[in-house]
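# Tertiary structure, described
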Amino acid sequence: MNYLYKKMLRSIKQFKFQFITVLLLAVLSVTVYCGLEGIWYGIKTEYDKAVKDTNLADEWIMATHFTEEDIAAISNLEGVIDTSARIRITAISLDKEGNDSVLSLDTVGNENISTMIVMKGAGYDKSHTNSVWLDKDYAAKNKLSVGDTVPVSYSGNTVQATVAGIILSAERAHFVGNSDYYIPDHQKFGYGFMSDDVKDALGIRIGCNLLEIKSKDSAVKAQVNELLCERFIAYYDRGTLFDTAFVSNQANNLKRVSLLFSALFILLSILSMHTTIKRLIDAQSSDIATLKSLGFSNKSLITHYSMYGLFVSIIGTAIGYLCSYPFSKLVQRSQKDLIALPKWPIRHTIGSLVIILSIIALSVLTSILAARKTMAGLPAEFTQKRVKRGKRLIIEHFGSFWKRLGFGMKWTLRDASAHKTRIFLGIISVCGSFMLLMVGFGTADSISSFTEKSYDEEFIYTNKFTLSAANTPEDLSELRSMTDGQFIETIQSRITFDSGKETYFKTVTVFSEGEYINLKTVDEEKLGDEGAYITEGMAVTLGIEKGDVVTLFPSFSDRSYEFKIAGLIPSSMPQSLYISDRLWSDAGAAFRPTHLLTGDLSIKEILKGDARISQMITGAEQKENLNNFRIKFSGIFNLMKYVAVILVVIVLYNLSILSFLERTRQYNTFRVLGFHYNEIRILASFENIIILIFGTAAGLVLGFNFLNLYCATFSNDTLKIYPDLAGINLAIVCIIVIFCTIITTLLLALRIRKIDMVRALKE
């Protein structure tokens, strides 16, 4: 067996490129899977630890205010374990350059629920006075440290508060600060806690407006509207609160990507191992005959060839696992800007071990099957040249068509039918490259497409002002006449359908007449007064179709309203129900505008500091925020492009080499018969052309489906990404794959130049 071990090393050296291909595919499989798993499982475990350490609430209720009776009634509901009553305000602060920033500040209620994670400084203590605790990302961006003073303004009052600590909150792991943003802007938005005397100094006289609940299978969701009536604003649980749901969604997104990548690479790795071992055995037929004559059994020889798969796969998976750590660190950079965690560990599940062992086991099994199928026979039979006898192709029965084909294409088709695995592997590699390239280019195009569509076609306002809750009807009338704007009301509503069996809390947008909302249904109809309109993403989530009747129990109301769904809107964001103010009022509901949309950019300066406006944002800023979202994921998109190029080059070149080795005798014969090198090169290129044609056809179809699936992983309750691939980028994808095919064909041509005519005469 020591001899067989030495023989294996010599054979690997002889067929080094084929084994390097298998090794690289194993490396890529493990690197991508373990690398992405290290990130998503690291995020999950660290966030789960933060949730446990801070005893994160399970449910949140927002109201205009809570009475003692409200809190007692909610505490007595089935499944409620404990509650924490807080006051939450949106304050304004100034950075060191004098620019406004928005701070969401809470008082500390029950100190055992949703506590803060102290990164620097002191934790919360009732003895602290004139103190705030700010989140670490906001503090870092605004160059604030423990002990610094920061101005906090609310309702005309300003306090110079001392930063007592730099903290994190599991409740706000993905804090964007404004529902019009999708990724955090820590320069403009921050969160934190304030001591009770800061609350008093800011002139806050309301009771608590936020109730955080620890519960298990509680009845809060089903009864909150009836308990609070007009004072109810919003309800969330961990799955619907954007700040917490984003973390689990992002971890699941990365998990799905890792599975999609590794499945493709493992398939190609196994197919490559099969073709390599099969070719190796064919090339060593005389060696096998000698070994059999010396007494080596089929079992020992099969074991010997299985060691090739074991040896290469162990080295490949080991290198891949080592490479997964720097890969994880590289991708982590973009995730740190999206999610706030105390630490960023790289953690793996048993899945990594399963993937590694699966690659090793499948490589060994593939080697055994390839060897077993070829090993049968007496020693004398292995000394003879084994020439595959081709079968008549189906296409040959179409005589007139078959006659029109040239000699080269006929020969290529017959040869391909005798080596189906090799052709199938080539088609899979081209198809896989198309899929990865289309996702790499298409996801970025899809995000850019919905960004452009949202803010250039659907919502064409220049400014979006958040209105103060204290505005009177006279204030609103004056604002509208001053700006010629359009009012909208954004509220949360309990939604039921199908006889009320399911209950959801979703966003409802009530819009007045105006020119800044230009949404259309899938039937290209403008929104009117015929009924409620729903975005497609929400419709799919709720199982709603056009013509259904939906029952709404909205915020600030003590009754429910029924509306017929008049159409579906193919809009990416925000996912919402849209109802005209006229229809809303006719149903008996009160229209209370929460936002004002305007078209003149100069109005922003006119209304700056106006007490009727609490926040202002421009359409350009929202558009830039979504573009930043695309940029944050550009690393993953580029990774797909690089891997696709590597994939098609190494696999196609490996197949070209295998094809050359298997056809060497035929090429030599052609040369003896007088074929020129260029003619032989053309014959050799026909196989790559066939692979390219079928791989492209399959790749285009599966690529669009893969892009659709990948975009779906980024969609959630607030956003639906529609797949889109720009024509220029689709052309680039095709050019890249064709160019890689040409490169492998040219590399094959260099080998054809080395054909030895004397050797052909000997054979």
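Residues numbered from 1 in each chain as written. Predicted model: local features only at pLDDT ≥ 70, side-chain atom pairs only at ≥ 80, totals over all residues. Heavy atoms only, no water.

### Considerations on the overall build of the protein
Along its length, the protein carries 23 helices and 20 strands. Burial status across the protein gives 53% buried among its 763 residues. (Helix = DSSP H or I, 4+ residues; strand = E, 2+ residues; numbered from the N terminus. Buried < 20%, exposed > 50% of the residue type's maximum accessible area, 1.4 Å probe, protein only.)

### Regarding a nonpolar patch on the surface
A contiguous nonpolar patch, built from Leu9, Phe311, Ile315 and Ile319 and spanning about 280 Å² of accessible area, is present on the exposed surface. By residue number, the principal contributor to the nonpolar patch is helix H9 (residues 298-336), which donates three residues. As for its position among the elements, Leu9 is in helix H1 (residues 2-14). (Patch = residues over 30% accessible without salt bridge, like charges linked within 9 Å, V, L, I, M, F, W, Y side chains within 5 Å. Areas by Shrake-Rupley, 256 points an atom, 1.4 Å probe, with all protein chains shown as cover. Salt bridge = Lys/Arg side-chain N within 4 Å of Asp/Glu carboxyl O.)

### Some details on the pairing of strand S12 (residues 463-467)
The element S12 is largely enclosed, with a buried count of four among its five residues. Pairing between S12 and strand S20 (residues 613-618): five bridges, direction antiparallel. Of the residues in S20, the one forming a bridge with Asn463 is Thr618. (Pairing = 2+ DSSP bridges.)

### Notes on the pattern of salt bridges
For the structure shown, the criterion picks out 25 salt bridges. With a closest N to O distance of 3.5 Å, Arg86 and Glu212 form a salt bridge. Here the residue Arg86 occupies a position in strand S2 (residues 80-86), and Glu212 occupies one in strand S10 (residues 210-215), the gap between them amounting to 126 residues. For Arg86, a relative accessible area of 2% gives the class buried.

### Side note on unusual backbone geometry
Of note, the amide linkage connecting Met573 to Pro574 takes the cis form, showing an omega dihedral of -10°. Looking at where Pro574 falls in the secondary structure, it is placed in the loop between strand S17 (561-569) and strand S18 (577-580). With a phi angle near 50°, Ser114 is a residue other than glycine that sits in the positive phi range. Along the chain, Ser114 turns up in the loop between strand S4 (100-106) and strand S5 (117-121).

### Structural notes on the environment of Tyr533
Summarising the element assignment, Tyr533 is placed in strand S15 (residues 532-535). Looking at Tyr533, the relative accessible area reads 2%, which means it is buried. Within the local environment of Tyr533, its side chain forms a polar contact with the backbone nitrogen of Gly528, the two atoms lying 3.1 Å apart. Polar side-chain contacts of Tyr533 include one of 2.9 Å to the side chain of Glu530. (Polar contact = N/O pair within 3.5 Å; in protein donor to acceptor, adjacent residues only side chain to side chain.)

### A closer look at the packing of helix H3 (residues 68-75) against helix H6 (residues 220-228)
Packed helices, taken two at a time, are described by their axes: the angle between them and the distance between them. Following both chains from N to C, one finds H3 and H6 inclined at 155°, their axes separated by 11 Å at the closest point. Judged by the inter-axis angle, H3 sits roughly antiparallel to H6. Here the hand of the crossing between H3 and H6 comes out right-handed. Contacts between H3 and H6 involve Asp70, Ala73 and Ile74 from the first element and Val220, Leu227 and Leu228 from the second. Among the residues making up the contact of H3 with H6, the classes are represented as five nonpolar, no polar and one charged. (Axes fitted to C-alpha atoms, helices over the stretch in contact; angles between N-to-C directions. Parallel < 35°, antiparallel > 145°, perpendicular 65-115°, else oblique. Left-handed = near helix turned anticlockwise from the far one by under 90°. Contact = heavy atoms within 4.5 Å. Nonpolar A, V, L, I, M, F, W, Y, C, P; charged D, E, K, R; others polar.)

### Focus on the side chain of Ser313
Relative to the helices and strands, Ser313 resides in helix H9. Taking relative accessible area as the criterion, Ser313 reaches 2% and is therefore assigned buried. A polar contact is formed between the side chain of Ser313 and the backbone oxygen of Leu310, at a distance of 3.2 Å.

### Examining the environment of Leu134
Tracing the sequence through the fold places Leu134 in strand S6 (residues 131-135). Considering only alpha carbons, one finds Leu134 and Gly192, 58 residues apart in sequence, at a separation of 4.4 Å. Those residues in contact with Leu134, other than ones at most four positions away along the chain, are Leu103, Leu105, Leu144, Val150, Val163, Gly165, Ile166, Ile167, Tyr191 and Gly192.

### A word on the sheet that holds S2
Pairing is antiparallel across the open sheet formed by four strands, whose spatial order is S2-S10-S1-S11. The sheet terminates laterally at S2 and strand S11 (232-237), the two strands that pair on one side only. Along the sheet, successive strands turn relative to each other by an average axial angle of 20°, direction set aside. Against the sheet, H3 engages strand S1 (59-63), S2 and S10, with an angle of about 155° to S2. Lying over the sheet, H6 contacts S1, S2, S10 and S11, oriented at roughly 15° with respect to S1.

### What about the packing of aromatic side chains?
Summed over all chains, the structure comprises 13 aromatic pairs. Judged by centre distance (5.7 Å) and plane angle (45°), the rings of Tyr182 and Phe242 are tilted. Taken together, the residues Tyr182 in the loop between strand S8 (157-168) and strand S9 (189-194) and Phe242 in helix H7 (residues 242-283) connect sequence positions 60 residues apart. Residue Tyr182 is classed as buried on the basis of its relative accessible area of 3%. (Phe/Tyr/Trp six-rings, centres within 6.5 Å; stacked < 30°, edge-to-face > 60°.)

### Section: helix H15 (residues 473-483)
Listed in full, the buried residues belonging to H15 are Leu476, Leu479 and Thr483. For H15, the buried positions fall inside an angular range of 65° around the axis, keeping them on one side. Facing away from the buried surface of H15 by more than 90 degrees, the exposed residues are Pro473, Glu474 and Ser481. Residues of H15 that are buried sit in contact with S12, strand S13 (486-497), strand S19 (595-598), helix H18 (603-606) and S20. (Arc of directions from axis to C-beta.)

### Quick word on the nonpolar core
With 111 residues, the main nonpolar core has Ile339 and Leu436 as its most contacted residues. Ranked by residues supplied to this core, first place goes to helix H14 (residues 420-458) with 17 residues. Once residues lying within four places of it in the same chain are set aside, the contact partners of Ile339 are Ile43, Ala173, Phe246, Val247, Gln250 and Trp344. Counting residues in hydrophobic clusters, the runner-up holds 36 residues, among them Ile89, Leu202, Ile204 and Leu211. (Core = buried A, V, L, I, M, F, W, Y, C linked by side-chain atoms within 4.5 Å.)

### Some details on the side chain of Ser104
Position of Ser104 relative to the elements: it lies in strand S4. Within the structure, Ser104 has its side chain in polar contact with the side chain of Arg172 (distance 3.0 Å). Not counting chain neighbours up to four residues away, the residues in contact with Ser104 comprise Arg88, Ile89, Arg172, Phe175, Gly190, Tyr191 and Gly192.

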